[in-house]
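# Summary of structural features
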Amino acid sequence: VASNATMERAIRRAARRIRRGRLVVFPTETVYGLGADATNARAVARVFAAKQRPADNPLIVHIASVEHLRSVAASPTAMERSLLQAFSPGPFTLVLNARDDLPRAVTAGLGTVAVRIPDHPLALDLLQAAMIPIAAPSANRSGEPSPTTLEMARRSLKRRGVTYLNGGSTRVGLESTVARLVGQTVIILRPGAVTETMITERFPSLTVGSGEAADDVRSPGTRHRHYHPRASVVTIEEAIHARALSERSGAKRLAVVGLDPDVGLCLSEMENAVGPAAMQVVVRRAMSLAEYASSLYRWFSELDDEGVQTIAALLPPNEGLGRAIRDRLLRASGAHPPEGV
């Protein structure tokens, strides 16, 4: 573990790199981000190039505090400020009207910008040292699982000239909730660790809905296939029909991931259906939704390294954090989440 003095020097160097238009990989509480000066169009273009990211996929802009909101957003309302403040620092992103002078690459040419305040000391220190807003999608090539460790980011990007800040494993492990306030309704554009219940409990006067982003309010991480490992991902909600799964995947090495005791029940059914030696099965199980969320992308990376060909993922309950896990699993499988999933 680096000493405080060593880390302070690393943060100052990373902040200088950001101000000079270069790229920095840094940890947040959700996943590692690939950061650039959000006010510098050339720097933002480097993010898209490094990630091979489609130009119509907007970026999330990170700021140090709500006091910095006007550096990227145009005339935020009192309720928008209150919403962001209530769940910040934390895994919550709010889509707001963008300033006219914000580079159009950041917003994918829209009039809105997604803003959040990360809950990680290194991220906040970097933002304070850089003194500018930082546009930062996840630090991986577009479409791959988001990195929850520095090594995952390095392996995915394979990019020279990038500065890396090591903050260990991320705590939440899934990308932030993305929301938009429309009148008295908070629209969840991408589910995350800040749930509908948390919002309604904090703001009883507001209602919460979910659905796809409108054309003029596109959410980061929803318009293209995301989060998929090299292995095929098959989502399983009810009992596994192991023989059908085996025939569908054609895989000799299969992984089963999910919550305990669901994984144990699944394995028992598979053994009863096709026998214990019919296929090689690798198991990853979580004891809680929080562990499932924080482990999912790391499991994807590990299972790819182990040569697993198909990952059978057990979908968690469709509520709270489970809704966010389901969203990522369905997108990883290539299945666009239907309304309400």
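That block above? That's the structure.
From a predicted model like this one, the values you see are computed outputs, not experimental measurements.

Here we take up the sheet that holds strand S10 (residues 207-210). Strand order in this open sheet of 10 strands is S7-S1-S2-S6-S3-S5-S4-S8-S9-S10, and the pairing throughout is mixed. Only two strands of the sheet have a single neighbouring strand rather than two, namely strand S7 (162-164) and S10. Pairing of strand S8 (residues 177-182) with strand S9 (residues 185-190), which is carried by five bridges, proceeds in the antiparallel orientation. Directly across from Val182, in S9, lies its bridge partner Thr185.

Moving on: unusual backbone geometry. A cis geometry characterises the amide bond from Ser88 onward to Pro89, with omega recorded as -10°. Its place among the elements puts Pro89 in the loop between helix H3 (78-86) and strand S4 (92-97). In this structure, Pro261 follows Asp260 across a cis peptide bond, with omega equal to 10°. Locating Pro261 in the fold gives a position in the loop between strand S12 (253-259) and helix H9 (262-274). Positioned with a positive phi, Met131 is a non-glycine residue whose angle comes to about 60°. If you trace the backbone, Met131 turns up in the loop between helix H5 (121-130) and strand S6 (134-135).

Before going further, it helps to examine the packing of aromatic side chains. Taken as a whole, this structure holds four aromatic pairs when the rule is applied. Taking the centre distance of 5.2 Å and the plane angle of 50° together, the rings of Phe87 and Phe92 count as tilted. Phe92 matches Phe87 in its accessibility class, with the two residues each being buried. Taking 5.9 Å as the distance between ring centres and 40° as the angle between the ring planes, the aromatic pair formed by Tyr292 and Trp299 counts as tilted. Take Tyr292 and Trp299: they sit in the same class, and that class is buried. The positively charged end of Arg154 is found above the aromatic ring belonging to Tyr164, 4.1 Å away from the centroid.

A few words now on the sheet that holds S12. Across the sheet, four strands lie side by side as S11-S14-S12-S13; this open sheet has parallel pairing. The two strands at the open ends of the sheet, each matched to only one other strand, are strand S11 (232-236) and strand S13 (280-286). Strand-to-strand twist of the sheet, defined as the mean angle between neighbouring strand axes without regard to direction, takes the value 20°. In this sheet, strand S14 (residues 310-314) lies alongside S12 in parallel orientation, the contact comprising four bridges. What sits directly across from Val257, in S14, is Ala313. Set on the sheet, helix H10 (residues 289-305) makes contact with S11, S12, S13 and S14; between it and S13 the angle comes to about 150°.

So, about H3. Buried within H3 we find Glu80, Leu83, Leu84 and Ala86. Projected down its long axis, H3 carries its buried residues within an arc of 165°, all on one side. In this fold, the buried residues of H3 make contact with S4, strand S5 (112-116), S8, S9 and helix H7 (196-202).

The next subject is H10. The terminal C-alpha atoms of H10 lie 24 Å apart, and with 17 residues this matches the ideal 24 Å at 1.5 Å per residue to within 8%. Considering bend angle alone, the principal kink of H10 is centred on Ser295 and spans about 45°. By the burial criterion, the buried members of H10 are Tyr292, Ala293, Ser295, Leu296, Tyr297, Trp299, Phe300, Ser301, Leu303 and Asp304. In this structure, the buried side of H10 is in contact with helix H6 (150-157), S11, S12, S13, S14 and helix H11 (321-332). Where H10 terminates, the next one or two residues include Gly307, which has phi positive at roughly 80°.

Positionally, Arg284 belongs in strand S13. With 29 residues separating them along the chain, Arg284 and Ala255 place their C-alpha atoms 7.5 Å apart. Excluding residues that lie within four positions of it along the chain, Arg284 makes contacts with Val256, Val257, Gly258, Val263, Trp299, Glu302, Leu303 and Glu306.

This part takes up the packing of H10 against H11. Helices that pack against each other are described as a pair by the angle of their axes relative to one another and the distance between those axes. The N-to-C vectors of H10 and H11 enclose an angle of 20°; their axes lie 9 Å apart at closest approach. One finds that H10 runs roughly parallel with respect to H11. Crossing hand, H10 versus H11: left-handed. Within the contact between the two elements, H10 uses Leu289, Ala290, Tyr292, Ala293, Leu296, Tyr297 and Phe300 and H11 uses Leu321, Gly322, Ile325, Arg328, Leu329 and Ala332. Looking at the contact of H10 with H11, its residues break down into 11 nonpolar, one polar and one charged.

Attention now moves to the pattern of salt bridges. In this structure the tally under the stated criterion is 12 salt bridges. Notably, a salt bridge pairs Arg285 with Asp260, separated by 2.9 Å at the nearest N-O pair. Of the two residues, Arg285 is situated in strand S13 and Asp260 in the loop between S12 and H9; the sequence distance between them amounts to 25 residues. The salt bridge partner of Asp327 is Arg328, with a shortest N-O separation of 3.0 Å.

Reading the values: rules and limits
Each chain has its residues counted from 1, following the order in which its sequence is written. Only residues with pLDDT of 70 or above have their local features reported here, since the model is predicted, and side-chain atom pairs are shown and tallied only from 80 upward, although totals for entire chains, interfaces and linings are computed over all residues. With hydrogens and water stripped out, all remaining heavy atoms of the structure feed into the side-chain values. When DSSP finds two or more bridges between a pair of strands, those strands are recorded as paired. For the purposes of this entry, the term helix denotes a DSSP run of H or I that reaches at least four residues, the term strand denotes a run of E that reaches at least two, and both are numbered from the N terminus. The criterion for an aromatic pair is that two Phe, Tyr or Trp rings (for Trp, the six-membered ring) have centres within 6.5 Å, with stacked assigned to planes under 30 degrees apart, edge-to-face to planes over 60 apart and tilted to the rest. Partly exposed describes any residue whose relative accessible area lies between the buried limit of under 20% and the exposed limit of over 50%, with all areas from a 1.4 Å probe on protein chains only and scaled to the type maximum. To sit over a ring, a charge needs its Lys NZ or Arg CZ within 6 Å of the ring centre and within 35 degrees of the ring normal. In this analysis an axis means a line fitted to C-alpha atoms, helices contributing only their contacting stretch, and an angle means the value between N-to-C directions, from 0 to 180 degrees. Contact criterion: two residues are considered in contact whenever any of their non-hydrogen atoms come within 4.5 Å of each other. Comment: arc refers to directions from the helix axis out to C-beta atoms. Expected helix span is computed as 1.5 Å times (number of residues minus one). Throughout, the bend at a residue refers to the angle made by two axes, fitted to the seven residues ending there and to the seven starting there. Roughly parallel refers to an angle under 35 degrees, roughly antiparallel to one over 145, roughly perpendicular to one between 65 and 115, and oblique to any angle outside these ranges. What makes a crossing left-handed is the near helix being turned counterclockwise from the far one by less than a right angle; a clockwise turn instead makes it right-handed. Gly falls in the polar group here, along with every residue not listed as nonpolar (Ala, Val, Leu, Ile, Met, Phe, Trp, Tyr, Cys, Pro) or charged (Asp, Glu, Lys, Arg). What counts as a salt bridge is simple: a side-chain nitrogen of Lys or Arg found within 4 Å of a carboxyl oxygen of Asp or Glu.

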